[in-house]
Amino acid sequence: MLSQGYVLIPCFNEEGNLLRLVERLVEVFRTNGWAWKILCVNDGSHDRTSEEIDLAQAKFGNLLRIDHPRNLGFAQAIRTGVETLLQQPNLDGAFIMDADLTHDPASLVLFASALEDGADLVIGSRYVERGKMERVPFWRRALSGLGNSVGRLMGIPVKDATSGYRAFSRKALEIVRSCRENDFSIQLEEVLLCRKAGLRLAEVPITLGVRDVGISKFHYSIRLFWRYFLLVLSLQSRARNQRG
Ligand SMILES: Nc1nc2c(ncn2[C@@H]2O[C@H](COP(=O)(O)OP(=O)(O)O)[C@@H](O)[C@H]2O)c(=O)[nH]1
Ligand SMILES: [Mg+2]
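Residues numbered from 1 in each chain as written. Chains lettered and ligands numbered in written order. Predicted model: local features only at pLDDT ≥ 70, side-chain atom pairs only at ≥ 80, totals over all residues. Heavy atoms only, no water.

**A word on the packing of helix α3 (residues 74–86) against helix α6 (residues 170–177)**
So, point 1. At a minimum axis separation of 9 Å, α3 and α6 run at an interaxial angle of 140°. Between α3 and α6, the crossing angle belongs to the class labelled oblique. In this structure, the crossing between α3 and α6 has a hand that is left-handed. When α3 is examined against α6, the residues Ile-78, Arg-79, Val-82, Glu-83, Leu-85 and Leu-86 are found in contact with a partner set consisting of Arg-170, Leu-173, Glu-174, Val-176 and Arg-177.
So, point 2. For the contact of α3 with α6, the residue count by class is six nonpolar, no polar and five charged. (Axes fitted to C-alpha atoms, helices over the stretch in contact; angles between N-to-C directions. Helix = DSSP H or I, 4+ residues; strand = E, 2+ residues; numbered from the N terminus. Parallel < 35°, antiparallel > 145°, perpendicular 65-115°, else oblique. Left-handed = near helix turned anticlockwise from the far one by under 90°. Contact = heavy atoms within 4.5 Å. Nonpolar A, V, L, I, M, F, W, Y, C, P; charged D, E, K, R; others polar.)

Listed below in structure tokens is the structure:
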């Protein structure tokens, strides 16, 4: 059993979600007898996220927080959180999940057992057996499904490379530390760098929901697609070099 687990939650304007998520997480920790901790990286939120973290801290003793003075973006929040996690002496495993209640904390059991079975990076996948989406709008399903199918054909080694619900061994966290992407593209970079380093990847089924409170900060920008494209291209050129 993983005794020292940390759940890292990057959050930007998650008022109405954060406290409820922490309550659900603590419930899952208790049910499973885990003495795990939570690390919130509050990334310059300008709603009441900070107050919700205060409330959660007062209610539960197992929550750490880091505050960026201004919004530095998803990827930087991940890097800040990972640096802090790597300073924890007896860390057995780390988990990253969204703050918006679209990831079910009960699924942590599957992630933990995949880490225990020796995986280094575990992806919560919508595209493996029993993985699914609920209430996700058609256009988001279509884009994600298409993107991941093309990605698979081009050699991406997992079925859901852009899922934000993940688990990491210490070795995988060391790799994330070296990621350079500045946007949600860091998620694909993590997968590719872990594979390049020869780490073990695994996928477990998740159900992705939609947020009831707040708005999504994910933007389908040309720049983001360009970054995805360049990352996949690097995969292709590596494969060519290995063959030649
Ligand atoms: N720290 C930080 N977290 C962010 C940022 N943008 C999004 N997030 C968090 O990343 C997670 C996923 O973002 P979300 O807006 O739900 O994107 P979506 O799930 O793709 O619609 C949520 O927990 C957000 O609070 C950011 O700029 N900084
Ligand atoms: Mg979300």
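**So, the site of ligand 1**
So, point 1. Near ligand 1 there are 19 residues, and of these Glu-14, Asp-43, Ala-99, Ser-216 and Lys-217 occur at the shortest range.
So, point 2. Within the backbone of Pro-10, one N or O atom sits 3.0 Å away from an oxygen atom of ligand 1.
So, point 3. When isolated, ligand 1 has an accessible area of 560 Å², and the protein chains bury 92% of it.
So, point 4. At the level of elements, β1 (5–11), β2 (37–43) and α3 are the ones that each hand at least two residues to the shell around ligand 1. (Near = heavy atom within 4 Å. Polar contact = N/O pair within 3.5 Å; in protein donor to acceptor, adjacent residues only side chain to side chain. Areas by Shrake-Rupley, 256 points an atom, 1.4 Å probe, with all protein chains shown as cover.)

**Observations regarding the nonpolar core**
So, point 1. Ranked by size, the top nonpolar core spans 39 residues in total, and within it Leu-85, Ile-156, Leu-173 and Leu-188 carry the most contacts.
So, point 2. At the level of elements, β1, β2, α3, β4 (93–96), β5 (121–125), α6, α7 (186–196) and α8 (222–243) are the ones that each hand at least two residues to this core.
So, point 3. By residue number, the principal contributor to this core is α3, which donates seven residues.
So, point 4. Ignoring any residue separated from it by four or fewer positions in sequence, one finds Ile-156 in contact with Gly-151, Ala-161, Leu-188, Leu-192, Val-232 and Leu-235.
So, point 5. Counting 35 residues, the second-largest nonpolar core is a separate cluster that includes Phe-29, Trp-36, Ala-119 and Val-204. (Core = buried A, V, L, I, M, F, W, Y, C linked by side-chain atoms within 4.5 Å. Buried < 20%, exposed > 50% of the residue type's maximum accessible area, 1.4 Å probe, protein only.)

**A closer look at the pairing of β4**
So, point 1. Judged by which residues are buried, β4 turns out to be covered on both faces: Gly-93 and Phe-95 on one side and Ala-94 and Ile-96 on the other are all buried.
So, point 2. In the sheet, β1 pairs with β4 via four bridges, with the strands oriented parallel. Pairing of Gly-5 across the sheet is with Gly-93, part of β4.
So, point 3. Here β4 runs beside strand β7 (residues 166–168); their pairing, made up of three bridges, is antiparallel. Across the sheet, residue Phe-95 finds its bridge partner in β7, namely Ala-167. (Pairing = 2+ DSSP bridges.)

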